[in-house]
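Examination of the molecular architecture
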Amino acid sequence: MLLFKRKRLLLASACSVILLLLTPTRGDSNPEQSYKVAQPLELTPKLSLQLKLHAFLLWCSVGFLMPIGVLLIRVSSNVKSAKTVKLLFYCHVGSQIVAVVLATAGAVLSISNFENAFNNTHQRIGLALYGFIWLQPLIGFLRPDRGMRFRSAWYLTHWLLGIGICVVGVANVYIGLHTYQERTGRSARLWTVLLTVEVAAMAFVYLFQDRWNHVVRQEEAAALGDEQSEGSTMYPANDHKEVIVVP
């Protein structure tokens, strides 16, 4: 019980942090003043490489591996083989661990090499995401056993936080690309289009799984109905009760 109270406290604290980060401060209450503060970047070869590496790490983390982990665990809920379910679960865990490591590397790179005044939306959302990304594995390792009282609450919390991180993370990648284009004057249209194609494909797979399972169940039900119908046609005598006269 104490463990779950601590987890709720952590979630409440994390929500408070993100609200504080996203609340406008006095220094950036004026959009024109904020625009003036964000001076154009003078891209050196070193800075350009660091920006590209930062973008690549965060794209791999929140833009690819984390959504893949969500798809893997979603697929496992419809698999009947215990071995396949176990394999998908370990793939889910592995992909999320690698995603957290990559996000941490991207955070270290950003903090050590970039301006971190946190006076723009991209930096604030990014800082909040780092906190939630590190919180999510902790919640995952605190998973109660099946049949326990708080299993459903844990599952809902873990699922909602995972989906939220993926959605907000992808949105922040878009914001980062837009910020990069504004600060450097270089076009990020190609990367935006590629990211959109990837997100659309993953969203299609995510939404298509339930529809596909529904189609399969309908086909199984129709096949079962045909078998029952054929059985009643082949053996009509079985539908009539035999009357036995007892002398």
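All values reported here derive from a predicted model rather than from experimental measurement.

Quick look at the nonpolar core
The biggest cluster of nonpolar side chains holds 24 residues, and the ones touching the most others in it are Met66, Ile133, Leu161 and Ile165. Counting residues per element, the ones that place at least two in this core are α3 (45-76), α4 (82-113), α5 (121-141), α6 (151-184) and α7 (189-234).

A closer look at the UniProt feature "transmembrane region" (unreviewed entry) in the protein
If you check UniProt for "transmembrane region" (unreviewed entry), the listed places come out as residues 51-75, 87-111, 123-142, 154-177 and 189-208 in our numbering. In residues 123-142, helix accounts for 95% and strand for 0%; the two terminal C-alpha atoms are 29 Å from one another. A distance of 28 Å separates the end C-alpha atoms of residues 189-208, which is 100% helix and 0% strand.

Focus on the packing of aromatic side chains
Overall, the coordinates contain five aromatic pairs when judged by the stated rule. Members of the aromatic cluster, connected to one another through ring pairs, are Phe56, Trp59 and Phe64. Residue placement shows Arg74 over the ring face of Tyr206; its charged tip is 4.0 Å from the ring centre.

So, the packing of α3 against α6
When two helices pack together, their arrangement is given by the angle between the helix axes and by the axis-to-axis distance. Two elements in contact, α3 and α6, have axes whose closest approach is 9 Å; the angle formed by their N-to-C orientations is 155°. Overall, the two elements α3 and α6 adopt an arrangement that is roughly antiparallel. For the pair α3 and α6, the crossing hand works out as left-handed. Contacts between α3 and α6 pair Leu51, Val62, Gly63, Met66, Pro67 and Val70 from the former with Ile163, Ile165, Cys166, Gly169, Val170, Val173 and Tyr180 from the latter. When grouped by side-chain class, the residues that make up the contact of α3 with α6 number 11 nonpolar, two polar and no charged.

Considering α6
The end-to-end C-alpha distance of α6, which contains 34 residues, comes to 48 Å, matching closely the 50 Å that a straight helix rising 1.5 Å per residue would cover. Looking one or two residues beyond α6, the residue adopting positive phi is Gly185, at roughly 80°.

The rules behind the values
Residues numbered from 1 in each chain as written. Predicted model: local features only at pLDDT ≥ 70, side-chain atom pairs only at ≥ 80, totals over all residues. Heavy atoms only, no water. Core = buried A, V, L, I, M, F, W, Y, C linked by side-chain atoms within 4.5 Å. Buried < 20%, exposed > 50% of the residue type's maximum accessible area, 1.4 Å probe, protein only. Helix = DSSP H or I, 4+ residues; strand = E, 2+ residues; numbered from the N terminus. UniProt positions renumbered as here; feature names shortened; annotations may be inferred. Phe/Tyr/Trp six-rings, centres within 6.5 Å; stacked < 30°, edge-to-face > 60°. Lys NZ or Arg CZ within 6 Å of the ring centre and 35° of its normal. Axes fitted to C-alpha atoms, helices over the stretch in contact; angles between N-to-C directions. Parallel < 35°, antiparallel > 145°, perpendicular 65-115°, else oblique. Left-handed = near helix turned anticlockwise from the far one by under 90°. Contact = heavy atoms within 4.5 Å. Nonpolar A, V, L, I, M, F, W, Y, C, P; charged D, E, K, R; others polar. Expected span 1.5 Å × (residues − 1).

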